[in-house]
Amino acid sequence: MHLARENLHVDFRTPNPAYDPDKFNDFLRRNKAVVCALSASYVSTFAGYPLDSIKSRLQTTKTRITVPRLAALVYREEGIMGFYRGLWIPLMTISFVRAASFTIYSRTKENFLNNNILCRDSIIDVSLTGGVSGAMSGALISFGSAPFELVKVRRQLEYTIAASKGITMAKPPGTIEAVKEIYRNNGFAGLYTGFRLHFVRDTAGTALYFLEYDGMRHLLGRQRSGEQGPTPSWLPIHPSLVPFVCGSLSGVTSWALIYPLDVVKTKVQQRALAGERYRGPWETLYRLVRGPDPNSPKPILSGIARIYRGLGVSALRSITTHGLLWTLFDMTAQYIDKLPPSRAGNHY
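Residues numbered from 1 in each chain as written. Predicted model: local features only at pLDDT ≥ 70, side-chain atom pairs only at ≥ 80, totals over all residues. Heavy atoms only, no water.

Turning to the overall build of the protein chain, a few remarks are in order. Each helix and strand counted, the protein chain has 13 helices and zero strands in total. Starting at the N terminus and ending at the C terminus, the protein chain contains elements arranged as α-α-α-α-α-α-α-α-α-α-α-α-α. Taking all 348 residues of the protein chain together, 46% fall into the buried category. Nonlocal contacts in the protein chain, meaning residues at least 24 apart in sequence, comprise 78% of its contacts between residues at least 6 apart. Surface exposure of the protein chain reaches about 18,800 Å², of which carbon and sulfur atoms provide 65%. (Helix = DSSP H or I, 4+ residues; strand = E, 2+ residues; numbered from the N terminus. Buried < 20%, exposed > 50% of the residue type's maximum accessible area, 1.4 Å probe, protein only. Contact = heavy atoms within 4.5 Å. Areas by Shrake-Rupley, 256 points an atom, 1.4 Å probe, with all protein chains shown as cover.)

Here you go:
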């Protein structure tokens with residue numbers, strides 16, 4: 001009886017063979033970029049989405065309106081869910097797009113390192129490596145992200161599009177219905193409405209974004225090995241704040257540079273979704289800046305102000321989204337780097 005109890009005790013404490021911590025840790029190391037990007041993207045996308053929703057409305061509204069007034073109007077007409085309309089699209093798709101983007105970006109940088117290209121410890125080499133890797137990432141990812149962003153714009157501007165058609169909408173259609181309507185009206189190609197503008201925006205924007213981020217991280221003490229060193233005396237901040245500062249600044253500045261292109265893209269897509277006559281990018285840009293009447297053009301400064309309508313909201317969204325994204329990305333990366341080594345001696 002005593003022996004039976006001992007055997008029972010030993011069997012009870014035998015580890016579950018279905019879970020192997022070494023294999024799990026090795027999986028995290030092999031897929032470090034994906035794991036970091038996904039986990040960070042979910043949180044940052046959810047936090048910044050209401051501001052993105054307001055930004056789309058500001059870009060397409062024909063009347064001047066303040067952000068608080070627009071937010072109050074959205075809340076009154078659509079409720080709190082109006083700010084999160086179409087959230088699951090970017091929550092799922094943009095998160096996976098970011099995971100793919102960060103993977104392409106990381107792999108491209110590794111190829112530069114392995115082939116001894118742009119490997120000097122200088123801000124020029126660091127920035128160019130990030131910029132080229134970002135351009136490659138943005139160009140490739142745009143083919144998969146374009147349909148999802150079009151559907152997101154469709155969901156965010158449902159009331160505006162319905163109003164342009166003279167339709168009073170009691171209840172907006174769901175995401176699946178929106179996709180079906182786009183496909184029914186224009187076929188599969190309809191999902192790539194405005195793709196050329198989307199491609200240019202993503203390629204240029206992602207290149208600028210990673211170029212600036214890597215350059216700033218170099219200035220603030222990150223070594224080519226990836227380790228964060230001491231911050232410079234002219235910006236004595238805690239090293240844990242460096243990812244947030246660099247992510248926020250690179251997100252805001254790169255977005256400000258390509259913001260007019262994003263406004264034109266959204267306007268072109270809105271007109272196409274509403275079934276209105278097609279206007280090319282240059283015509284759309286000219287009308288946004290100088291107004292619809294060529295005989296009585298608006299002042300250029302007034303037009304430029306209209307082009308940048310909603311930039312303040314976008315800047316706040318970029319600070320929130322990209323600051324959190326890189327902070328959580330680095331935290332997750334540090335956690336994976338500190339995992340105990342595999343007992344089998346495998347290192348990734």
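There is more to say after this.
This part covers the environment of G138. Within the secondary structure, G138 is located in helix α6 (residues 123-156). Accessibility expressed as a relative area gives 4% for G138, which makes it buried. Through-space distance from the C-alpha of G138 to that of A204 is 7.6 Å; in sequence the pair is 66 residues apart. Each residue touching G138, except ones within four places of it in the same chain, is listed here: D202, T203 and T206.

F102, F210, W326 and F329 are the most contacted members of the largest nonpolar core, which has 20 residues in total. Counting only elements with at least two residues in this core, the list comes to α3 (32-60), α5 (88-114), α9 (195-219), α10 (242-273) and α13 (311-337). The leading source of residues in this core is α13, at five residues. Filtering out sequence-adjacent residues up to four positions away, F210 remains in contact with S101, F102, Y105, G130, G131, G134 and W326. (Core = buried A, V, L, I, M, F, W, Y, C linked by side-chain atoms within 4.5 Å.)

Here the structure, examined in full by the defined rule, presents 15 salt bridges. For the salt bridge of D26 with R29, the shortest nitrogen-to-oxygen distance reads 2.8 Å. One end of the pair is D26 and the other is R29, both in helix α2 (residues 21-30) and three residues apart, which spans about a single turn. Here the two residues D26 and R29 agree in accessibility, since each one is buried. In this structure, E181 engages R154 in a salt bridge whose closest nitrogen and oxygen atoms are separated by 2.7 Å. A residue pair is termed long-range when its members are at least 10 positions apart, and E181 in helix α8 (residues 175-186) and R154 in helix α6 qualify at 27 residues. By relative accessible area, which is 5% here, R154 ends up buried. (Salt bridge = Lys/Arg side-chain N within 4 Å of Asp/Glu carboxyl O.)

Without other data, these values stay purely geometric and don't point to any function.
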